[in-house]
Amino acid sequence: MTLPTLRLLAAWGEKRYNEALSALLFDKEQYESFRTFTEDNYGMMCLLYAQDERYRSALEDAMQMLLGSRLQLQRRGAVPCFALVAGEEERTLSAEKLELIRYIVRIAHQLEERPSDYNPANAAARSMIELLSRNKRSRPARKPTTDLQSMISGVAWKSGSMNLLHIGELTLYQLYDGYRRLHCIDSSHHTYTGIYAGTIDSKAIKLSELNWAAIID
């Protein structure tokens, strides 16, 4: 499996790239019209692949991009399934293998959501959490302060080892990681500068957390 680079993204264009990503990460729970279907995500993807030309093209793009293989829809008895074809080699793409690919892609694009650790103790608490979640979703979206182009530009100009000529070789994960790491380094540097200058009280912060190599949540 090969994670795509920024150079590939630029060649494809964000629209085609995002459509391929969306097709691969399809989740029927995000679509009210699909929730009544008994099929799981794998089964729904098979149905969409067979019936929707745009979805089929986008999912084929995703498999070619990540695995260098051509996607086919086959049947094992009455059950549809995917197969990957590379040259004369053909392999079945099971639901388990597809889910592993989807998991890796979510992490690589920093899309993996962490499950909440809070478990409501009773129905009233659960209702309150659901109400807060609905209110959060109904809030108007804030205007983004950064986008992909601005992150590429920022990392290229800020980094001492990366420039606009070579940044295209990075994967999206490497770009996101570099962007956040540079922010972590700057934050540590400015905090230490404030401590030395006497404008920041060192007792009010945890010095052990001022680390360039700190784990970024």
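The structure presented is a predicted model; accordingly, all values stated were derived computationally and were not measured. (Residues numbered from 1 in each chain as written. Predicted model: local features only at pLDDT ≥ 70, side-chain atom pairs only at ≥ 80, totals over all residues. Heavy atoms only, no water.)

Visitor: How would you sum up the environment of Y42? Please name residues and give values.
Guide: Within the secondary structure layout, Y42 lies in helix α3 (residues 41–51). Look at Y42 and you get buried, because its relative accessible area is 12%. If we skip the residues at most four places from it in the chain, Y42 touches P80, C81, F82, L93, S94, A95 and L98. Of the polar contacts made by the side chain of Y42, one reaches the backbone oxygen of L93; its length is 2.6 Å. (Helix = DSSP H or I, 4+ residues; strand = E, 2+ residues; numbered from the N terminus. Buried < 20%, exposed > 50% of the residue type's maximum accessible area, 1.4 Å probe, protein only. Contact = heavy atoms within 4.5 Å. Polar contact = N/O pair within 3.5 Å; in protein donor to acceptor, adjacent residues only side chain to side chain.)

Visitor: An account of the pairing of strand β2 (residues 79–86) is needed here, citing residue identities and associated values.
Guide: Looking along a regular strand, one sees the side chains alternate between the two faces of the sheet. When strand β1 (residues 70–76) meets β2, the two strands line up antiparallel, connected through seven bridges. Bridge pairing in β2 places L71 opposite L84. Hairpin connection, β1 to β2: the antiparallel pair is bridged by two residues, and G77 has positive phi, about 75°. Pairing of β2 with strand β3 (residues 89–93), which is carried by five bridges, proceeds in the antiparallel orientation. Counted as the bridge partner of A83 is T92 from β3. Between the antiparallel neighbours β2 and β3 lie two residues, among them G87 with a positive phi of about 65°. (Pairing = 2+ DSSP bridges.)

Visitor: Run through empty space enclosed by the protein, naming residues and quoting values.
Guide: By the definition in use, this model includes one cavity of 30 Å³ or more. What the largest cavity holds in volume is close to 30 Å³. Grouping the amino acids of the lining of the largest cavity by side-chain chemistry returns six nonpolar, two polar and no charged. (1 Å grid on protein atoms, 1.4 Å probe; cavity = no way out; pocket = protein on both sides within 12 Å on 5 of 7 lines; lining within 4 Å. Points joined across faces, edges and corners; volume = space filled by probe spheres on them. Nonpolar A, V, L, I, M, F, W, Y, C, P; charged D, E, K, R; others polar.)

Visitor: Break down the packing of α3 against helix α5 (residues 95–108) for me, with residues and values.
Guide: Axis separation between α3 and α5 bottoms out at 10 Å; the angle between their running directions is 90°. In terms of orientation, α3 lies roughly perpendicular with respect to α5. Of α5, the residues touching α3 (which contributes N41, Y42 and M45) are A95, L98 and R102. Grouping the amino acids of the contact of α3 with α5 by side-chain chemistry returns four nonpolar, one polar and one charged. (Axes fitted to C-alpha atoms, helices over the stretch in contact; angles between N-to-C directions. Parallel < 35°, antiparallel > 145°, perpendicular 65-115°, else oblique.)

Visitor: Got a sec to walk through the nonpolar core? Specific residues and values, please.
Guide: Residues L24, L59 and F82 are the most contacted members of the largest nonpolar core, which totals 42 residues. For this core, the secondary-structure elements that each account for two or more residues are α1 (6–12), α2 (14–24), α3, α4 (53–67), β2, α5, α7 (148–158) and α8 (172–197). At seven residues, α4 tops the list of elements feeding residues into this core. Once residues lying within four places of it in the same chain are set aside, the contact partners of L59 are A23, L24, M45, Y49, L71 and F82. (Core = buried A, V, L, I, M, F, W, Y, C linked by side-chain atoms within 4.5 Å.)

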